[in-house]
Amino acid sequence: MTTALSTSAILPDARGHFGRFGGMFVPETLMAPLQELAAAYAVAKADPAFQAELADLLANYAGRPTPLYFAKRWTDALGGAKIYLKREDLLHTGAHKINNAIGQILLAKRLGKKRIIAETGAGQHGVATATVCARFGMECIIYMGKVDMERQALNVARMRLMGAEVRAVTAGQATLKEAVNEAMRDWVGSVDHTHYILGSALGAHPFPMIVRDFHRVIGVEARRQILEKEGRLPDLLVACVGGGSNAIGLFHPFLDDANVRMVGVEAGGDGIVPERHAARFQGGKLGVLQGTKTWLLADADGQIELTHSISAGLDYAAVGPEHAYLQEAGRVEYTYATDTEALAAFKELAHTEGILPALESAHAMAGVIKLAPTLPRDAILIANLSGRGDKDVEQASRYLLD
Amino acid sequence: MAPLQELAAAYAVAKADPAFQAELADLLANYAGRPTPLYFAKRWTDALGGAKIYLKREDLLHTGAHKINNAIGQILLAKRLGKKRIIAETGAGQHGVATATVCARFGMECIIYMGKVDMERQALNVARMRLMGAEVRAVTAGQATLKEAVNEAMRDWVGSVDHTHYILGSALGAHPFPMIVRDFHRVIGVEARRQILEKEGRLPDLLVACVGGGSNAIGLFHPFLDDANVRMVGVEAGGDGIVPERHAARFQGGKLGVLQGTKTWLLYMGTEKLYHANAGP
């Protein structure tokens, strides 16, 4: 385990592998553009001018650093570890997704691309992408499942108000997986002038690495902030895991700190029965989906199963490949919260702290409810509050209000 | 009168108390998300082709607007006064959400008065308040919007003031509210002043803010009032244009009068009846 940890900082390898996970399983036409993207990213990453523009936008446009908030009342109510919340919900557009969208549009600019495409599930990544496209004056096409467009109508309107075109995808389940397929299809034919801003730590290399790197700022800030506030590193980190971008962003800067325990919380939906959840580590199979080799939910023939979660942002059949690697290395534990547990956590945080979490983030909060009481009062827990719940108010009201 | 005097006295003591200011500063930084950025809007600046435009990003605060600055300050005052129950009025719902938020954070009972018409057109904000445990009371009198909600909150307060604090949401109402609300929003201008000095090395030429009750505007303007070279412009709601009952621009033909505890410019119809203003704080 220690060996795996010490190499984590230089993963993935040159071909995009995290151990036996990851890779570049794409049509031949996309191999060259992905390699071009990886090369451009390597140069940009080392370029002080790129890093300075990124830092300026993160600070003055997105609103970084986000606070590390000590949730005193919730801590007292749960009676265990001291709970700190990393307030990604306060970022521009309301979730951590903007970190990656800003980074990638700066890459697109370097690559000379004039047109941006993206997929979106709950709409948060679509909103973040539409936002940076407006900010940089680029054409913006968002692919979104028709079913998701209906349940996230507010986010569809937000994208359109910023000038983006939202294209409804009607194939299959008409949710995130099909939206990714459609975006990939667009990209195969448009890659000479189009950049695809992929929204999670998923897909073919170099996307899982790029998305992770742009979200690492979450963990870098949290590390500095907890050292300022408590004078030591935390005992436990908790984050929700759909594709896993917010979780890898928080976890990654702590991977070499052997005493920092980490727990990722997947979407347990109605419980762990086929087609009623999205917890890939609960009986998932090794397979390839949308460019990457990882754990996914599939039937005995290897066909992708339907998934379910109350949270559209966690409702996806595959987990990011680096999470698959970290689970196998024993570095990160993965558990799940059901829809009911996530809603209970939503209500508890709203009532004790006056914070409405996104339903995605509410899964992490459900993890806190289970884990904090098992720790002593002087233990320190940091949970990633990855997004705000304004987009989920209507849905939460149906379950939580009379 | 006595409760308002008690509030003014308690506020004077709190303002001078380093412990109060430290708790306020901690909540503003770690709970609300201050300082907010001062963002140079480069593309918009280029598009308009004139002054360099900086935006003070109060939109990034917890609950999505500047209103939380005042709600945090006033709930700390309520705590000092030993009050256990909070009431507030709200129009669009942003102040109601901010108040429900701080009540949840401090474990206080929370009643929000809101016009029935506003509740219907701002259903999402009503749900946000309820999800945080607040009770939203529909006000059906008159136009069933903000003015009536204020009346109803005042009526509640007259009968409940021994255990209830009224978190008024704009720089309006009877003294000391306009002063207290202003002071809790001054942080906007104090930050903007420091930030523009850091970024540009000098004070701005012009400040612009919208004015309903005027809390965000006074918060930005106040720390610059003594800087004679800083011009300031407040923007009222012109609605459909300046015709009776179709706007809320009190400086466009308003009359001096008294409304809900304070003497100021108002929109009257003829000499007695208030206009139905179509925008407000």
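Scroll up for the structure.
Residues numbered from 1 in each chain as written. Chains lettered and ligands numbered in written order. Predicted model: local features only at pLDDT ≥ 70, side-chain atom pairs only at ≥ 80, totals over all residues. Heavy atoms only, no water.

### Brief notes about the overall build of chain A
- Within chain A, the secondary structure is distributed over 15 helices and 14 strands.
- In terms of C-alpha radius of gyration, chain A reaches 19 Å, essentially the compact-globule figure of 21 Å for 402 residues.
- The principal-axis extent of the C-alpha atoms belonging to chain A is close to 55 × 50 × 45 Å.
- Within the span of chain A, comprising 402 residues, buried residues form 65% of the whole.
- Looking at chain A alone, contacts between residues at least 24 apart form 75% of all its contacts between residues at least 6 apart.
- Carbon and sulfur atoms provide 54% of the accessible area of chain A, an area that totals close to 13,600 Å².
- Here chain A holds 41 positive side-chain charges and 45 negative ones, and the gap between their average locations is 3 Å. (Helix = DSSP H or I, 4+ residues; strand = E, 2+ residues; numbered from the N terminus. Rg over C-alpha atoms; globule rule 2.2 N^0.38 Å. Buried < 20%, exposed > 50% of the residue type's maximum accessible area, 1.4 Å probe, protein only. Contact = heavy atoms within 4.5 Å. Areas by Shrake-Rupley, 256 points an atom, 1.4 Å probe, with all protein chains shown as cover. Lys, Arg positive; Asp, Glu negative; His and termini not counted. Charge placed at Lys NZ, Arg CZ, Asp CG, Glu CD.)

### Concerning the nonpolar core
- Core analysis: the biggest nonpolar cluster contains 96 residues, and Leu85(A) and Ile72(B) have the highest contact counts within it.
- Ignoring any residue separated from it by four or fewer positions in sequence, one finds Ile72(B) in contact with Leu24(B), Leu27(B), Leu28(B), Tyr31(B), Ala32(B) and Val102(B).
- Listed in part, the 68 residues of the second largest apolar core include Leu34(A), Ala179(A), Val191(A) and Phe214(A). (Core = buried A, V, L, I, M, F, W, Y, C linked by side-chain atoms within 4.5 Å.)

### Section: the sheet that holds strand β5 (residues 135–139) of chain B
Residues and elements named next belong to chain B.
- On the basis of which strands lie adjacent, the open sheet formed by 4 strands has the order β5-β4-β3-β6 and parallel pairing. The strands lining the two open edges of the sheet, one partner per strand, are β5 and β6 (164–166). Geometrically, the sheet is characterised by an average inter-axis angle of 25° between neighbouring strands, direction not taken into account.
- Two strands pair when backbone bridges link them, and strand β3 (residues 85–90) and β6 are joined in this way by 3 bridges, in the parallel orientation. Bridge pairing in β6 links Ile87 to Tyr166.
- Of the strands in this sheet, β3 and β4 (109–115) are in contact with helix α5 (residues 94–106), which crosses β3 at around 165°. (Pairing = 2+ DSSP bridges. Axes fitted to C-alpha atoms, helices over the stretch in contact; angles between N-to-C directions.)

### Things to note about the environment of Ala42(A)
- Topologically, Ala42(A) is positioned in helix α2 (residues 28–45).
- A relative accessible area of 47% means that Ala42(A) is categorised as partly exposed.

### Topic: the packing of helix α2 (residues 18–32) of chain B against helix α4 (residues 67–80) of chain B
All names here are of chain B.
- As a packed pair, α2 and α4 sit with axes 10 Å apart at the nearest point and diverge in direction by 140°. With respect to α4, the element α2 is oriented oblique. Read as a crossing pair, α2 and α4 show a hand that is right-handed. Facing α2, whose interface residues are Phe20, Glu23, Leu24, Leu27, Leu28, Tyr31 and Ala32, α4 presents Ile68, Asn69, Ile72, Gly73, Leu76, Leu77, Lys79 and Arg80.
- A class-by-class count of the residues in the contact of α2 with α4 yields 10 nonpolar, 2 polar and 3 charged. (Parallel < 35°, antiparallel > 145°, perpendicular 65-115°, else oblique. Left-handed = near helix turned anticlockwise from the far one by under 90°. Nonpolar A, V, L, I, M, F, W, Y, C, P; charged D, E, K, R; others polar.)

### Quick look at helix α12 (residues 321–328) of chain A
Residue and element names in this part refer to chain A.
- Within α12, 6 of the 8 residues are buried, leaving the element largely enclosed by the surrounding structure.
- Considered for burial, the residues of α12 that qualify are Pro321, Glu322, His323, Ala324, Tyr325 and Leu326.
- At the C-terminal side of α12, Gly330 shows a positive phi close to 75°.

### What to know about unusual backbone geometry
- Put simply, Arg34(B) and Pro35(B) share a cis peptide bond, and its omega is -5°.
- Cis rather than trans, the peptide bond between His175(B) and Pro176(B) has omega equal to 10°.
- For Pro176(B), the location among the structural elements is in the loop between β6 and α9 (177–200).
- Even without being a glycine, Glu275(A) presents a positive backbone phi close to 70°.
- Residue placement: Glu275(A) occurs in the loop between β10 (261–269) and β11 (285–289).
- In this model, Gln290(A) sits at a positive phi of 50°, which is unusual for a non-glycine residue.
- Along the chain, Gln290(A) falls in the loop between β11 and β12 (292–296).
- A residue is classified by how much of its surface remains accessible, and Gln290(A), at 11% relative accessible area, is buried.

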